Every structure is written in C-alpha cells, then in structure tokens.
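So you can see what is in the structure, the chains are spelled out below.
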Amino acid sequence: MLRAAGGGLRLGAALPTARTMLALALLAFGALRAGSGSYLAVIAPQDPTLLIGSSLHATCSVSVSGGDTPTAEGLYWTLNGRRLAPELSQVLNATTLGLALANLNGSKQQSGDNLVCHARDGSILAGSCLYVGLPPEKPVNISCWSKNMKDLTCRWFPGTQGETFLHTNYTLKYKLRWYGQDNTCQEYHTVGPYSCHIPKDLALFTPYEIWVEATNRLGSARSEVVTLDILDVVQCSTGQGVASGKRPSLKGINSPNSSPVTTDPPPDVHVSRVGGLEDQLSVHWNSPPALKDFLFQAKYQIRYRVEDSVEWKVVDDVSNQTSCRLAGLKPGTVYFVQVRCNPFGIYGSKKAGIWSEWSHPTAASTPRSERQGSSGACEPRGGEPSSMPVRRELKQFLGWLKKHSYCPNLSFRLYDQWRAWMQKSHKTRNQHRTRGSCPRADGARREVLPGDKL
Amino acid sequence: MTNSLGQGSCRLKKWRLDPHREISDLPLTFFLVSQPVVPCLLSLLQAPFVLGAPVSLADSINQTYNLALYMQKNTSVLVQTYLQYQGSPFSDPGFSAPELQLSSLAPAAVPFTLWRGLGDGERLLQVHRAFSALAQHLQLVSDDQADLNPGSSVLLSQLAAARLRAQGLMGNIASVMTVLGVSIPLEVDTLGSAPFGASVFQRKCRGYVVTREYEHWTDRAVQDLAVLKAKYVA
C-alpha cells in the first residue's frame, strides 16, 4: 500500500481488517508513500503462488486521500515492466480496475513477477509479486562417499525437468535403517549446488537410509531412499588438506551426466626409465596416508597411453604394491601414466570401496630404438631379454663374472643356448643370471644347459 | 598510527565509475574492490578514537571528507545492482520512481538557502542522523534480499559493505562533532516495529528507496563536509 505525501490515511470501505491493521502499522512507522498524485491504492491478491498455465484475476482499488476524487480511469497495469493489453483490464467500478490474465508463464525471476498498477502519469501506485511455477520433481541419482569413515558427502540431481521457476529448497535426510529418528544434513553446497556434507556422528557396520526432500511454494517431492553402509562407500584419499566442510578441488561437478565426484588419488606418482631399457618404464607412487589409520589395504590401477593417442591401456592387478614396471612399450615415445586407488579389506571385510580419481598424468619417454612393443602388463623385474641393450648389459655381466668367478669359459653362446632352452621350457623368465656349469660349482645345475661346451 | 588516508599499510584504491560500462561488469569489480576496503574503513573508524591522542579539527574534517568522497564513487553502483535483482520494471534501464518514499527516512533534498545557512552543529547532526537511519535500513534491506534473492551474493555483499561504510562515516562525523563540541545524539531506532508484514512488492520498493537515499545522502555529505572544509581547513 502506498500513501500519498502529506495526506492522512483513509482506507476504502471494502478493505479487510487485516489490511487495515497493516496499513495503520505502515503509516505509523515508515510507510511507503507515493509522492505524486493523491491516491492510495491496493492490489489484491498480494504475492500469490500459481501453477504454470493457470489464470489470475486481480484488482487495483484506489481510495481517496485529501480532497481529490479517486478514479480508476487512466490507471493501467504492467507486468514485469511491460504494459498489458487494454483488453485484459476492465473498470469494475468507479474506483477499481480489474485484470484477467490467462495461461501464465513461469516467473522470470525468483523474487517473483512484478505486477504493478500505475497512475495515469506512469507513477507506481501499488504492486504485487506473482510466483508462477511448478512443484518440484523428485530428486534423483543420490550418490554418497566417505573420505575418512567418519563423514559422508552426498550429491544428487534435481529431477528431469530441472527448472521449476521457483526457489526450491533441498534437504538431505538420513537415519539408521532399523531404528532411530530422522536426521537432517546441515552443511550444503560443499561440492556443487546439490550436495551436502555430514561431518560426524555416523555409525559403521550398519546401514543408513538416505533421501532428499525438495520443497518450493507449490509443493514438495521426496527422492527414492538409498541404503548404504558407510564402509561400502569409503574412498581412497590422501587425507590431507580436505577438512570437513572445505571444498576439495574436483572436476566434473557441473556436468549433470558426469560420474560421481571423487577425491584425491595416490600422491607423488613418478615415472622413470629403467636404465637403458627402451621398452620399459617404472612407475612409483606413495600409498594413501589413511591406509595405516583405518586398517585397509589399497589396490591400485594404472593406465597409460601414448602421447598422441586417446586410448588408454589399463593395468589392473597391481594389488597393493606401490610400484610397477610397464613393459612392452614403444621405444622413443612419450607416455602419459595415471594411477588410482581403491580401499578394500576395511576392518577385514572383503568389500571394495570407491575408486579415487586418476592422478594427474605424469609423462615420461622411453629411450630410442627400433623395437616394437605389445601388451601392457606389470612385469616383475626382468622383461624381454632379447634386445640390444639387454645383450649389452649381459655382456657386461658376463665380463664381470669371468673376472670374479671361477668360470673362465663363459661366453655369449652360453647365454643364447640358455635362451633357446628357456623358450622351449615353460618356466617364467625370471632368470637372467646364467648359471653356467662351472667346473668348480656344485654341479647341481648341470641340467640347465644341454649340450654345453666348456 | 596515522590520521590521514593514504599512509601506512592501509591504502584505499581509487575506483572510477565509468558510466559506459555494462552493469554486469560493475558489481563484480565493486565486490572485488570492497573486500580489502572494509577492514581499511574499520581502521579509519578507529583512528580518531585512540585514547590520549588529540585529533585536530582539520585532520578530522579532511579524513571524513575523503571517506565521503570515496563512498560516493560506489553508491550508484549499489542502486543499479539492487534494481537488477528485482526484475522489471525495476531492472529496466533508467528506472526511476521519485514518488516512492519512506517516512522513516528523511530525504536529503533541502532548499539551497536553508542548507547554506545551517550551523556547523546542525549540519553535522542531520548527516549523522541520516546515516544512522540508513545503516538500520540497509540491515533491513539485507535481510529482505537474503529472503527474496538468496542466491545474490554480489548484491548481499554490496549491501553489507554499504552498511559498514555508513557506520564508518557516522563514526568519523562523530569525531568532527566531538572536536567542535557538539553533543552526539544517542542512537535512535528509526525502524520500530514496521518492517514485519510488508508484502514482497513493498519490500522491493523499500530497498530501492533505501539505496536511492543512501546515494543522495552521500552526495549531500560530501557537500556538507566541503563547506566545513572550506571553513576550517587552511
């Protein structure tokens, strides 16, 4: 309600009591006044909430103030700044202008559409804010993870339609499955607009029921209930720099179709060459610090690709070592390597947790040669012994052996014979050391080299 | 300890208002500028009240004048940012509704001869009273906008900064008044119990009036202090 400047406040007889009280209150302490003209006007309804496509009937009633005769003539409506067509409004009586709107569109801003009743000279007499929208959709795709088995962060999506045109409030709730009351999550927007973080007071080894409630002016909706045990969703993390409530640096938050957000991968990934070997690279990393705290083991996965390719090769069964040697690589090529971890065996259980994000790609290049590589598998220290640098290394070794052992007749031929024998047999290729049948040795290894010449 | 601006580790940035810039540019810059400024302003506020150090009238007037000048650069930005968030017709370019006023906020406009003839004490009293009311109204508008536009962190931070500046200016004016021997009035609650029950549209209008009057009163404060400066500062 607006009051004319300098005039007393007189209300039209048709106004309800509540509005009278309101008007008096406003008059006494800081009423909004219209300085020009001498009208007092009221729009009904005030701040209505409507469904999209519905219709609205509104009235703008002017009252007398001072000596002027109020009239509804010359008044006009605007909605969001645009003047409404004259055929939509009609003069209902001498002091009231009516309006009929049909098939309303969703509100242009969350603070409501501005429906304003103007005097003939354009000045604002009264206004009302319309809230036109849809009730909220069921939130979907709730995913949760725990970084330290004490907290829980959950993320969801607002439902297929997304735009309700009204401000929608989301509340994440959780409770123990078999008893207890509902709890409400308090820390919102930790990893994006639809997320919440529960920092403490969570039990382990017992399932929780988790759901999200969405509310707006037109109604509410509740998501499906997700049941999980905190230990099932533990994520491998470095445990550093991510205190509860702080935002970790994450990728993929804003794309609705991205995979669940994950946290820090294993720290300090180093990739280096293996001496002069041209088809191998050695990868080292550190285990997550939380490992010792929570009695879990981490299993790792490595993936690597050539610099100008998009296809990743994955090495899966790295178990719980913190290093791996990649073999069968192309010489003289730059490779990008990434590592990620997954906790399992938490408190002795056999279940795995959630894979962390891949570490930042670390690049390294293999030494130059003309050899071709093939498969990707973690090889124990050794590898294919048939390339030039390996022969060189062997030569050096044999030279050393000759000097320091008592086998004066060792030669490369022995080595080739041994290789041939190895290919025939199905032993693993672990043995580099050519245990030649030294005349002074035990003699126990005589069977290794058939037809040897000493 | 220093009384004048620009010395010591606290440096106020000169921020120029370019009328041709897009509205969308301004609020962000404003926000970035206002962050380091607010602690600066608080230290200015405290400077005149350090115990045992007599403040000269000239220094006090200069400091207050410079502060008002600095505030003046940002006041129209606040109005524009505010209007942006309320939707049309408020957000329409060139929106102006002088017919809207609040009875709890005295307008800055005053007949020129009357204003020129004001005594020093009365002049400072009027400005002090106005900014006291403005600080309270800005709090009210902040609360309203936190409800109506909860996502508008730019607007909310500008409103908070404006309120702090109003209080800072009040403090500086109080120091000038002290030196001149004018008694500082007690803080009056200008809002009373009015705010509750206002409709959304009324709240939007109310915020517009408050930010507009904040701009007008800052302009007036600059003029008032210029008069005092001409009179007392050599």
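The structure we're discussing is the one just above.
These numbers were taken from a predicted model, which means no experiment stands behind them.

A.B. asks: When you look at helix H6 (residues 200–232) of chain B in this model, what are you seeing that I'm missing?
C.D. replies: Because an α-helix packs 3.6 residues into every turn, residues spaced three or four apart end up facing the same way. With 33 residues, H6(B) extends 47 Å from end C-alpha to end C-alpha; this agrees with the ideal 48 Å at 1.5 Å per step. Of all 33 residues making up H6(B), 24 are buried, and the element is well covered by its neighbours.

A.B. asks: Could you clarify how one ought to interpret the pairing of strand E22 (residues 277–284) of chain A in this entry?
C.D. replies: All names here are of chain A. Burial of E22 is extensive: seven of the eight residues sit out of reach of the surface. The pairing of strand E21 (residues 270–274) with E22 spans five bridges and is antiparallel. Note that in E22 the partner of valine 271 across the bridge is valine 283. Hairpin connection from E21 to E22: two residues lie between these consecutive antiparallel strands, with glycine 275 at a positive phi of about 55°.

A.B. asks: Is there a simple way to explain the packing of helix H2 (residues 57–84) of chain B against helix H5 (residues 153–180) of chain B in this structure?
C.D. replies: All names here are of chain B. Interhelical geometry of H2 versus H5 gives an angle of 160° and a closest axis separation of 9 Å. Considered as vectors, H2 and H5 are oriented roughly antiparallel to each other. The chirality of how H2 crosses H5 is left-handed.

A.B. asks: What is the right way to look at the sheet that holds strand E27 (residues 362–365) of chain A in this model?
C.D. replies: The pairing of strands in a sheet happens through backbone hydrogen bonds and is either parallel or antiparallel. Residues and elements named next belong to chain A. Taking strand neighbours across the sheet as the criterion, the four strands line up as E24-E23-E26-E27 in an open arrangement whose pairing is antiparallel. The open sheet has two edge strands, strand E24 (313–315) and E27, and neither has a second partner. Between one strand and the next, the sheet's axes are offset by a mean angle of 30°, whatever the strand orientation. Pairing of strand E23 (residues 297–306) with E24, which is carried by three bridges, proceeds in the antiparallel orientation. Along E24, the bridge assignment pairs tyrosine 304 with lysine 313.

A.B. asks: How should I be thinking about the nonpolar core in this particular structure?
C.D. replies: For soluble globular proteins, the rule of thumb is that nonpolar side chains tend to be buried together. Among the nonpolar cores identified, the biggest contains 56 residues, and B:Phe131, B:Leu169, B:Tyr208 and B:Tyr214 are the most heavily contacted of them. Those elements that provide at least two residues to this core are strand E11 (124–133) of chain A together with H2, strand E1 (100–102), helix H4 (120–148), H5 and H6 of chain B. With 12 residues, H6(B) is the single largest residue contributor to this core. Dropping the residues within four chain positions of it, B:Tyr214 is found in contact with B:Met71, B:Thr75, B:Leu78, B:Phe131, B:Leu134, B:Leu138, B:Ala162, B:Arg165 and B:Ala166.

A.B. asks: So what exactly am I meant to see when it comes to the environment of A:Phe336 here?
C.D. replies: All names here are of chain A. By the secondary structure assignment, phenylalanine 336 is in strand E26 (residues 334–344). As a C-alpha pair, phenylalanine 336 and valine 271 span 65 residues in sequence and 9.0 Å in three-dimensional space. Apart from the residues lying within four places of it in its own chain, the contact partners of phenylalanine 336 are Arg303, Tyr304, Arg305, Glu307, Trp312, Pro361, Thr362 and Ala363.

The rules behind each value
- Residues numbered from 1 in each chain as written.
- Chains lettered and ligands numbered in written order.
- Predicted model: local features only at pLDDT ≥ 70, side-chain atom pairs only at ≥ 80, totals over all residues.
- Heavy atoms only, no water.
- Helix = DSSP H or I, 4+ residues; strand = E, 2+ residues; numbered from the N terminus.
- Expected span 1.5 Å × (residues − 1).
- Buried < 20%, exposed > 50% of the residue type's maximum accessible area, 1.4 Å probe, protein only.
- Pairing = 2+ DSSP bridges.
- Axes fitted to C-alpha atoms, helices over the stretch in contact; angles between N-to-C directions.
- Parallel < 35°, antiparallel > 145°, perpendicular 65-115°, else oblique.
- Left-handed = near helix turned anticlockwise from the far one by under 90°.
- Core = buried A, V, L, I, M, F, W, Y, C linked by side-chain atoms within 4.5 Å.
- Contact = heavy atoms within 4.5 Å.

By themselves, these are just geometric observations and shouldn't be taken as functional.
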